[in-house]
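# Chain and residue survey
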Amino acid sequence: MKRILSGLIAVILACSLSACKKDPEIISLSGKTMGTTYHIRYIDDGSVKENSEKTHEQIEVVLKDVNQKMSTYIKDSELSRFNQNTQVNTPIEISSDFAKVLQEAIRLNQVTEGSLDVTVGPVVNLWGFGPEKRPERKPTPEQLAERQSWVGIDKIHLDMSGKTPTLSKAVPQVYIDLSSIAKGFGVDQVADVLEQNHVQNYMVEIGGEIRAKGKNAENKAWQIAIEKPNNTGERAVQEVIGLNNMAMATSGDYRIYFEENGQRFAHEIDPKTGYPIQHHLASITVLAPSSMTADGLSTGLFVLGEDKALEVAEKENIPVYLIMKTEQGFEAKMSSAFQKLLANKE
């Protein structure tokens with residue numbers, strides 16, 4: 001009996017010293033959320049707290065919660081209820097998640113010189129790019145002027161000073177649209193679930209918004225492709241970057257648009273004019289510590305256009321990769337911060 005116990009103790013000690021880790025397993029999870037799809041890959045080396053089925057269930061719960069709080073397409077979402085409320089200067093209690101996303105959107109409004117504005121929804125809807133699904137036609141100047149009078153970060157007030165955050169609006173028609181930042185927040189929430197389950201190496205993607213940590217199965221930083229813009233619908237790679245402990249988001253005008261009388265109207269609206277942007281920037285890719293920040297920045301900087309976006313990126317030390325349309329085809333530029341990361345993409 002003593003010999004048996006000694007043998008068991010020896011096995012336990014050996015397992016403790018080696019952590020008894022199994023061979024790394026690549027776990028892939030996917031599904032639908034926020035009107036798009038999500039894809040997750042992570043490495044299970046035996047130290048992961050939950051099995052993949054339980055982890056997937058937790059992720060589904062988190063994403064459903066984000067959607068129920070921030071979707072403009074769900075009529076009884078927390079965001080939709082605020083948008084439907086017509087009381088002015090009347091603080092309404094909101095969830096901490098809603099407040100966190102809105103607080104970052106307000107901060108990024110300043111960083112992007114007003115070009116990221118989550119109150120631009122009424123104008124986006126008027127152009128037919130939101131849940132109103134208006135006919136694809138150019139609005140009249142009168143229609144635009146009316147909607148523009150409802151737009152502006154100064155028309156909402158977020159108060160984070162109390163135990164529960166509150167939000168109020170200055171005019172009844174204020175309508176907040178978080179589609180430029182909510183998917184990124186969803187990515188961060190999924191990443192939190194993975195980290196709570198002791199996952200050290202993962203890649204999370206929702207509708208093109210990405211966050212990655214650690215290494216992939218080849219023991220390299222997660223290799224993420226930046227798509228080459230084109231008007232044919234074909235997919236091609238412009239550049240590849242190794243993403244580790246960072247998030248990436250891309251905005252562009254080459255997929256969602258409509259045409260009227262030979263003029264093309266992209267889905268990105270300049271909040272300052274109410275019109276779709278008309279510059280030569282085809283796409284912009286932004287890297288940031290959180291996917292929420294990268295998501296919001298990619299929209300705001302894209303609206304600014306290539307010159308101003310690069311100027312802001314240099315000023316704020318933001319890694320950005322820009323692709324411009326030229327008469328000779330597409331031309332790429334990048335900020336100094338992006339160049340440094342690209343040099344270490346392995």
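Residues numbered from 1 in each chain as written. Predicted model: local features only at pLDDT ≥ 70, side-chain atom pairs only at ≥ 80, totals over all residues. Heavy atoms only, no water.

### Side note on the overall build of the chain
- Helices and strands together make up the secondary structure of the chain, namely 10 helices and 15 strands.
- Taken across its 346 residues, the chain has 50% of its residues classed as buried.
- At a minimum sequence separation of 6, the contacts of the chain that also span at least 24 residues come to 61%.
- Of the roughly 17300 Å² of accessible surface on the chain, a fraction of 50% belongs to carbon and sulfur atoms. (Helix = DSSP H or I, 4+ residues; strand = E, 2+ residues; numbered from the N terminus. Buried < 20%, exposed > 50% of the residue type's maximum accessible area, 1.4 Å probe, protein only. Contact = heavy atoms within 4.5 Å. Areas by Shrake-Rupley, 256 points an atom, 1.4 Å probe, with all protein chains shown as cover.)

### Digging into the sheet that holds strand β3 (residues 92-93)
- One open sheet holds the three strands; their spatial order is β3-β5-β4, and the pairing between them is antiparallel. With one partner strand each, in any of the chains shown, β3 and β4 (156-159) form the two edges of the open sheet.
- Alignment of β3 against strand β5 (residues 166-169), held across two bridges, turns out to be antiparallel. Of the residues in β5, the one forming a bridge with Glu93 is Thr166.
- Strands in contact with helix α4 (residues 96-111) are β4 and β5; relative to β4, the strand with the most contacts, it is inclined by about 120°. (Pairing = 2+ DSSP bridges. Axes fitted to C-alpha atoms, helices over the stretch in contact; angles between N-to-C directions.)

### Quick notes on the UniProt feature "binding site: Mg(2+)" (unreviewed entry) in the chain
- In the UniProt entry, the feature "binding site: Mg(2+)" (unreviewed entry) is given for Ser180, Asp295 and Thr299. Spatial clustering of the annotated residues is evident: they stretch over 120 residues in sequence, but the largest pairwise C-alpha distance comes to 6.7 Å.
- By the secondary structure assignment, Ser180 is in the loop between β5 and α7 (182-196).
- Residue classification places Ser180 among the buried positions, given a relative accessible area of 13%.
- Not counting chain neighbours up to four residues away, the residues in contact with Ser180 comprise Leu116, Val118, Asp295, Gly296 and Thr299.
- For Asp295, the location among the structural elements is in helix α8 (residues 291-304).
- Judged by its relative accessible area of 3%, Asp295 is buried.
- Setting aside residues up to four positions removed in sequence, Asp295 forms contacts with Ser180, Ile181, Ala182, Lys183, Gly184, Glu209 and Ala249. (UniProt positions renumbered as here; feature names shortened; annotations may be inferred.)

### Details of the packing of aromatic side chains
- A complete count under the given rule lists two aromatic pairs for this structure.
- Note on Tyr321 and Phe338: the rings are 5.3 Å apart at their centroids and 45° apart in plane angle, and the pair reads as tilted. Of this pair, Tyr321 sits in strand β14 (residues 320-326) while Phe338 sits in helix α10 (residues 336-342); the two residues are 17 residues apart in sequence, bridging distant segments of the chain.
- The exposure class of Tyr321 is buried, given its relative accessible area of 3%.
- Just above the ring of Phe82 sits the side chain of Lys169; from NZ or CZ to the centre is 4.6 Å. (Phe/Tyr/Trp six-rings, centres within 6.5 Å; stacked < 30°, edge-to-face > 60°. Lys NZ or Arg CZ within 6 Å of the ring centre and 35° of its normal.)

### Observations concerning the pairing of strand β8 (residues 222-227)
- Burial along β8 is one-sided: the face carrying Trp222, Ile224 and Ile226 is buried and the face carrying Gln223, Ala225 and Glu227 is not.
- Note that β8 and strand β9 (residues 237-243) share six bridges and pair antiparallel. When the bridges of β9 are listed, Trp222 appears paired with Leu243.

### Describing unusual backbone geometry
- Although it is not a glycine, Asn219 sits at a positive phi angle of roughly 60°.
- For Asn219, a relative accessible area of 59% gives the class exposed.
- Residue Asn317 is not a glycine yet carries a positive backbone phi of 60°.
- Topologically, Asn317 is positioned in the loop between α9 (306-316) and β14.
- You can call Asn317 exposed: its relative accessible area is 56%.

### Considering the pattern of salt bridges
- All chains considered together, the criterion is met by 10 salt bridges.
- With its nearest N and O atoms 3.8 Å apart, the salt bridge here joins Asp270 to Lys272.
- Assessed through its relative accessible area of 48%, Lys272 is described here as partly exposed.
- Salt bridges linked by common partners bring Asp188, Glu195, Arg211 and Lys213 together as one network. (Salt bridge = Lys/Arg side-chain N within 4 Å of Asp/Glu carboxyl O.)

### Here's the deal with the packing of α4 against α8
- The contact between α4 and α8 brings their axes to 10 Å, and the two run at 45°. Between α4 and α8, the interaxial angle falls into the category oblique. The two elements α4 and α8 meet at a crossing, and its hand is right-handed. Of α8, the residues touching α4 (which contributes Lys100, Val101, Glu104, Arg107, Leu108 and Val111) are Met292, Thr293, Gly296 and Leu297. (Parallel < 35°, antiparallel > 145°, perpendicular 65-115°, else oblique. Left-handed = near helix turned anticlockwise from the far one by under 90°.)

### Digging into the nonpolar core
- Grouped together as the largest cluster of nonpolar side chains are 61 residues, with contacts concentrated most on Ile176 and Leu178.
- Those residues in contact with Ile176 that sit more than four places away from it in its chain are Thr72, Leu79, Phe82, Asn83, Leu102, Val118, Ile156 and Leu167.
- Formed by 15 residues, the second largest nonpolar core is a distinct cluster that contains Met246, Met248, Tyr321 and Phe338. (Core = buried A, V, L, I, M, F, W, Y, C linked by side-chain atoms within 4.5 Å.)

### Topic: the sheet that holds strand β10 (residues 246-252)
- Across the sheet, which stays open at both edges, the eight strands sit in the order β1-β2-β6-β7-β10-β13-β14-β15 with antiparallel pairing between neighbours. One side of each edge strand has no neighbouring strand; the edge strands of this open sheet are β1 (25-33) and β15 (329-334). Strand after strand, the sheet turns through a mean of 15° between neighbouring axes, direction not considered.
- In the packing of α7 onto the sheet, the strands contacted are β2 (36-44), β6 (202-206) and β7 (209-213), and the crossing angle to β6 comes to about 150°.

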